[in-house]
Amino acid sequence: MRRRLFHLLGVLLLLLSTSKMVQSAEADCDSSRQGNWNIVQDTCPIGQGLWGRAPENLSGIFWVQCGLLSSLPESGFAQKLNGLPNKEALVFRQEGSQYRCLVGPFVQYSTAVSARDELRKQPALSRAFIRNALMVENGAEKVTGNPSTKMSINGKASGNVSSTKADLKRDYFDLLGLRSPKPRDGEKRYTDDKFVWWRASLKEATSTCENDGMKLVSESTLRSISRSAEYKSQLPTRLPFWVAEQYAFDSIMMVPMPLSKESVLLVLCE
């Protein structure tokens, strides 16, 4: 009886914490109507791409990304969503001049998987993937980014805050469910048509991602991205990336590169 009581209490706490996450996401992701589509601002939290990896917690806030478009699609795009039970779950997140296609949010990973699989039945959406936006720890929102500057519910810093480590926190730009650190003044960089990329040694790239609560992108993730012509076209063509396997990887040719670990290459975190 006691074991069952503890189990029921655990379920209740999970439902309450999930409810708080949903309310928070809804407050930040209120949509407005633009033509045929629901639009949310770029402040709506959508988190990081999972790229086939299961999350640590199967309850949370999940989105399915169905593309990144230069403009809102024609009304016929809705026909590609016939397998989804709720068409109102489709939103577009406005990011400058681009629109990120999203379906959600879902509070169960399994539901997000079902939605992703339905989208992938359409050839144009075969690279749809799941993003994990929010998790809850001990009733407080988990802060993604530098773990030394987590905030308590009342907004005051809690724990031992290392000012030195906080000072090292970088700005990032988002790309295909990943994040790339922006270069600081005086640092080496590479500029393409869309972004200014930071160029770093393997040690610098690895420590930067880890300092901000992430890890260096893996070769398998870059390979997954490169299998889609649409996604691959958004990657730089002239320089390779450092990957978590501790070597350089050319995302265009999809081969490892025999380069010195002191080479200054591109950085993506996941």
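These numbers come from a predicted model, not from an experiment. Position labels on residues start from 1 in each chain and follow its written sequence. It should be noted that, the model being predicted, local features are given only for residues of pLDDT at least 70 and side-chain atom pairs only at 80 or more, the latter also being counted only at that level, while totals for whole chains, interfaces and linings use all residues. Just so you know, side-chain values use all the structure's heavy atoms and leave hydrogens and water out.

1. Side note on the packing of aromatic side chains
Okay, so step 1: For Phe, Tyr and Trp, where Trp contributes only its six-membered ring, two rings pair if their centres lie within 6.5 Å, and the inter-plane angle classes them as stacked under 30 degrees, edge-to-face over 60, or tilted in between. Tallied over the full model, the rule gives seven aromatic pairs.
Okay, so step 2: When the ring of W197 is compared with that of F241, the centres are 5.6 Å apart and the planes differ by 70°; the resulting orientation is edge-to-face. In this pair, W197 is assigned in strand β13 (residues 196–200) and F241 in strand β14 (residues 241–243), connecting sequence segments 44 residues apart. Side by side, W197 and F241 carry an identical accessibility label, which is buried.
Okay, so step 3: Grouped by ring-pair contacts, the aromatic residues F173, F195, W197 and F241 constitute a single cluster. In DSSP terms, a helix is any run of H or I states spanning at least four residues, a strand is any run of E spanning at least two, and both are numbered starting from the N terminus. Burial status follows relative accessibility: with a 1.4 Å probe on protein chains alone, a residue under 20% of its type maximum counts as buried, one over 50% as exposed, and anything between as partly exposed.

2. Quick word on the confidence of the model for the protein
Okay, so step 1: A residue's pLDDT is the predictor's confidence in that residue, given on a scale from 0 to 100. Per-residue pLDDT for the protein averages 75, and the proportion of residues at 70 or more is 74%.
Okay, so step 2: Within the protein, the lowest mean pLDDT, 37, falls on strand β9 (residues 140–141), and the highest, 95, falls on β14.
Okay, so step 3: Within the model, pLDDT remains below 50 along residues 1–25, and this stretch shows 15 contacts once partners closer than five positions in the same chain are excluded.
Okay, so step 4: For this analysis, residues touch if any pair of their heavy atoms sits within 4.5 Å. A low-confidence stretch, residues 135–167 (pLDDT under 50), is modelled with 45 contacts involving residues beyond four sequence positions or located in other chains.

3. Things to note about the nonpolar core
Okay, so step 1: In plain words, nonpolar cores are sets of buried Ala, Val, Leu, Ile, Met, Phe, Trp, Tyr and Cys residues tied together by side-chain atoms within 4.5 Å. Judged by nonpolar contacts, the single largest core of 23 residues is most densely connected at V64, F77, L90, F92, V103, L119 and I130.
Okay, so step 2: Broken down by secondary-structure element, the contributors of at least two residues to this core are β2 (37–40), β4 (59–69), β5 (90–95), β6 (98–108) and α2 (109–120).
Okay, so step 3: Contact partners of L90, with chain neighbours within four places excluded, come to W37, N38, C66, F77, L81, C101, L102 and V103.
Okay, so step 4: Membership of the second largest hydrophobic core comes to 20 residues, among which are W51, L178, Y231 and V243.

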